[in-house]
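Okay, here's what each chain looks like letter by letter:
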Amino acid sequence: MGAAGEHDDAAERGTVVTPSAELPPLGAEERAALGRIGERWREPRDPDELPVDPTLGRSGRPPRPTRFGRLVPIEMFTVEEPGELVATEPAHLPGSRTGRLLTRARRTLFGPPLSSASVLYERMRKLVALPVLSSDLLSSVAYGPEAMLAVLVLAGSAALGLSLPLAALLVVLMVAVGLSYRQTIPAYPHGAGSYIVAGDNLGRTPGLAAAAGLMLDYVLTVSVSVAAGVHAVTSALPGLTPLTVPLGVLVIAVLLAGNLRGVRTAGNLFVLPTYAFVVAILVVLVVGYARAAGRGFAPVSPPPVPAAEGLGLLLVLRAFSSGAVSMTGIEAVSNAVPAFRPTEWRNARTTLGWMVVMLVTLFAGLVGLIHLDGLVPRPGETLLSQLGRVTFPTGPWYAILQATTALILLLAANTAFNDFPRLLFFMARDGHTPRRFLHMGDRLAFSNGLVALSLTAAVVFVAFGGHTERLIPLYAVGVFLAFTLSQAGMVVHWRRHRGPGWHRRLALNAVGATLSALVLLTAAVAKFSEGAWVVVVAVPLLVLLFRRIHRHYAMLHRALALHPPAPPGPAGSVEREELPQEVRHLVVVPVARLNRASLRALAYAASLGQPTLAVHIAPEEVEADRFREQWQAWGDHLRLETIVSPYRAVIGPLAHYLEALHTTRPELTLTVIVPEVVLRSRWHRPLHSRVEQRLRAALRALPGVVVTTVPVHVAE
């Protein structure tokens, strides 16, 4: 089918990036099973007979004291429609003073919370999305051409002439990959480009491999971009060089804080630096080519550089793969389609088209101008800095170029902050990453994914000491693995869904897949010993981890899925009870001493109207006899069982006793009710043993046991 038809099918499915993704709906089979379970449900009493009004109906607004001791009316819940309450903003405030102070501080830093209905308004328009999602791609032209020339110059000055044909081949690769992703966007308008494309067309494992490559690329994008930006700053201000690592970590923290404020706010913060960098580079190109035209475009001879290696095919392929780092970030738009305003896929495709045009213009223009000016890489100064000095020998333009370059390199990591959490969202939706990555924070941002990216990137940055040249060898393998699998997946896609022009589209994707695979293999082999082995090893390990996570969630789904009720008969597993008439209770109350807390727990247990057993653990016979006398004085209202623990342990004997009870009657549900003394002052809590928490931990693994506490609050 055509792209438009595929878009229509996807539109029917709707956008999956919503706050409700944490709570997926039931399938058809489970809904049918739920109905059959409900038909057999017998309520012990009328469900409408409740001692309170669940709609919180009241004649007036209840007062609530403020921190100043005055009473103010606050509505915590509002009734929107029958049977539905809506929690207002005050209902989200914690009860403790410390919690409220932390909440106010967080809202001051990140902004007030946004309602779920605002998710549509938090999306980006094209003029904002272009700089936000292209910052990584466009910033790579600041070091991509230099990375290619740094390899060629190893064969001497004469080999620098190969930069033009290699740049032409890289432009072909950029156009092929860019057009391929333009085809991917309408075919897969729900986002997560390479992961979804490879998974749908090549299988689960290739999809997970593409996701692993992208995840590594995003982490390295943050680390490399911040390292390059800090290096640009320390080059201008050498006195800050000893602070390279702290400065980099601080930049990552600032980027995290900006993105936690939400997609739209973060986008507005990072728009100007990207456009300023593009304008600065375009000014360099216009002035530089005008100066070259004045001398008839005659190239300046580069300074003589002795050859350190022979010029061979392997060196040329290494140079090609090194220059290909200029393409990192080209997949960002296809991964972030749901972040656009409607119509999402059309706006995303337009944005990607402009990104590719700008990338080709800047990359090809810089390589050509560097060749015309006869510049060669040299330690201590970047090629872009050399080009700026030659182009602007006087005036403020050189300083402006360096400032915008440093700024976009620092902010290029923002592309990863947009795409990494969204990729984790899609993977969590499929059960391949923890489900906590489905959660949207107060500002409708994927807070858990943002924090995970920041921590991982900071660890990588610190581990490599903030050195760009040590990080770049790790860069190309992951992203070109994703490129290759995505292109190959689209080839299979066009073979399956044949529509108008599918031969042309298939050929385009095949070219992109071939060139991407060439870069991938060259980078993996040539840079293996320089650090690329880390990515080569990490990708299969991540795939294995994703599959193990998926296996766990699949097992959990099978265990918790709804099934039609079994016909009446002998009782089965206690944890498969789904009807109230199937539950058989035994309430157990551990009692250490008879005081107000234990008597309240006993009273609560007896009020349930179920068989109740009290258990006392005594360290010796004398204490056991003394407790039984106290029990008789109380009135012996409930059955008491005393256990003597001669080794003075409490939790172990009690847990084993409950396990023995459950083994004797596995159809019983044991409800263990533990009295708990609640202290207001946290400084007093270490003075108590917290037996209820230890008992809950000991019984958690025992099936058919419910542990609950009856609190007694002590005023101090």
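Quantities reported herein were computed from a predicted structural model and do not represent experimental measurements.

Here we take up the sheet that holds strand E7 (residues 639-644). Within a sheet, each strand pairs with its neighbour through backbone hydrogen bonds, oriented either parallel or antiparallel. Read across the open sheet, the five strands follow the order E7-E6-E5-E8-E9; overall the sheet is parallel. The open sheet has two edge strands with one neighbour each: E7 and strand E9 (705-714). Going from strand to strand, the sheet's axes swing by 25° on average, the running direction of each strand aside. As defined by bridge partners, strand E5 (residues 584-590) adjoins strand E6 (residues 612-618) across four bridges and the pair is classed as parallel. Bridge pairing links Val-587 to Thr-612 in E6.

Both E6 and E7 contribute to a ladder of six bridges, which runs parallel. Residue Ala-614 lies in a different strand from E7, and its bridge partner there is Leu-640. Crossover handedness for the path E6 to helix H24 (residues 621-634) to E7: right-handed.

For the rest of this paragraph, the subject is the nonpolar core. One recurring pattern in soluble globular proteins is that nonpolar side chains are buried together. If you look at the biggest cluster of nonpolar residues, it comprises 149 residues, and the most contacted ones within it are Leu-173, Val-222, Val-226 and Phe-480. Sorting elements by how many residues they give to this core places helix H8 (residues 204-236) first, with 17 residues. Other than its neighbours up to four places away in sequence, Val-222 contacts Ile-252, Ala-413, Ala-416, Phe-417, Leu-453 and Ala-457.

Another point: the packing of helix H6 (residues 163-187) against helix H12 (residues 313-323). It is at 10 Å that the axes of H6 and H12 come closest, and there the two elements cross at 50°. Classed by the angle they form, the pair H6 and H12 counts as oblique. The crossing of H6 and H12 is right-handed. The segment H6 lies against H12, with Leu-166, Leu-169, Leu-170 and Leu-173 engaging Val-316, Ala-319, Phe-320 and Gly-323. Looking at side-chain class alone, the contact of H6 with H12 contains seven nonpolar, one polar and no charged residues.

With that out of the way, let us pick up the pattern of salt bridges. Under the criterion given, the structure shown has six salt bridges. Linking Asp-373 and Arg-295 is a salt bridge whose minimum nitrogen-to-oxygen distance equals 3.2 Å. Pair noted here: Asp-373 is in helix H14 (residues 344-373) and Arg-295 is in the loop between helix H11 (271-294) and H12, with a separation of 78 residues, a long-range link. Of the residues examined, Asp-373 reaches a relative accessible area of 12% and is grouped as buried. Exposure remark for Arg-295: the relative accessible area of 32% places this residue in the partly exposed category.

Here we take up a nonpolar patch on the surface. Taken together, the side chains of Phe-528, Trp-533, Val-534, Val-536, Val-537 and Leu-541 present a nonpolar region at the surface, about 510 Å² in accessible area. With respect to the helices and strands, the residue Leu-541 is situated in helix H22 (residues 528-560). Among the residues examined, Leu-541 registers a relative accessible area of 53% and is labelled exposed.

Our focus in this paragraph is empty space enclosed by the protein. Across all of its chains, the model carries two cavities of 30 Å³ or more by this definition. For the second largest cavity, the calculated volume is near 60 Å³. Val-141, Ala-142, Pro-145, Glu-146, Leu-366, Ile-370, Leu-383 and Leu-384 together form the lining of the second largest cavity. Elements with a minimum of two residues in the lining of the second largest cavity: helix H5 (144-152), H14 and helix H15 (383-391). Considered class by class, the residues forming the lining of the second largest cavity number seven nonpolar, no polar and one charged.

Procedures and definitions
Within each chain, residue numbers correspond to sequence positions counted from 1 in written order. Local features are withheld for residues below a pLDDT of 70 in this predicted model, meaning they are given only at 70 or higher, and side-chain atom pairs are given and counted only at 80 or more; totals for whole chains, interfaces and linings count all residues. To obtain the side-chain values, all non-hydrogen atoms of the structure were included, while hydrogens and water were left out. Any two strands between which DSSP finds at least two bridges are classified as paired. Under the scheme used here, helices are H or I runs from DSSP no shorter than 4 residues and strands are E runs no shorter than 2 residues, and both carry numbers assigned from the N terminus. Here an axis means a line fitted to C-alpha atoms, over the contact stretch when the element is a helix, while the angle between two N-to-C directions is reported on a 0 to 180 degree scale. Note on handedness: a clockwise path from strand one over the helix to strand two, with the strands aimed away from the viewer, defines a right-handed crossover. To form a nonpolar core, buried Ala, Val, Leu, Ile, Met, Phe, Trp, Tyr and Cys residues must be joined to one another through side-chain atoms within 4.5 Å. A simple rule labels every residue: compare its accessible area, found with a 1.4 Å probe on the protein chains alone, to the largest value its type can have, and call it buried under 20%, exposed over 50%, or partly exposed in between. Contact between two residues is taken to exist if any of their heavy atoms lie within 4.5 Å; hydrogens are not considered. Orientation categories follow fixed angle ranges, with anything under 35 degrees roughly parallel, anything over 145 roughly antiparallel, 65 to 115 roughly perpendicular, and all other angles oblique. The hand of a helix crossing depends on one turn: near helix anticlockwise from the far one by less than a right angle means left-handed, and clockwise means right-handed. Note on residue classes: Ala, Val, Leu, Ile, Met, Phe, Trp, Tyr, Cys and Pro are nonpolar, Asp, Glu, Lys and Arg are charged, and everything else, Gly too, is polar. Whenever Lys or Arg places a side-chain nitrogen within 4 Å of a carboxyl oxygen from Asp or Glu, that contact is recorded as a salt bridge. Residues enter a patch when their relative accessible area is above 30% and they make no salt bridge; the linking distance is 9 Å between like charges and 5 Å between nonpolar side chains (Val, Leu, Ile, Met, Phe, Trp, Tyr). For every accessible area listed, the method is Shrake-Rupley and the probe measures 1.4 Å; residues are considered covered only by the protein chains on display. Put plainly, a pocket is an open set of points on a 1 Å grid over the protein atoms alone with protein on both sides within 12 Å along at least five of seven lines, a cavity is a set where a 1.4 Å probe fits but cannot get out, and a lining residue has an atom within 4 Å of a point. Grid points are joined across faces, edges and corners, and a volume is the space filled by probe spheres set on the points.

Spatial relationships are all this shows, so hold off on functional conclusions.
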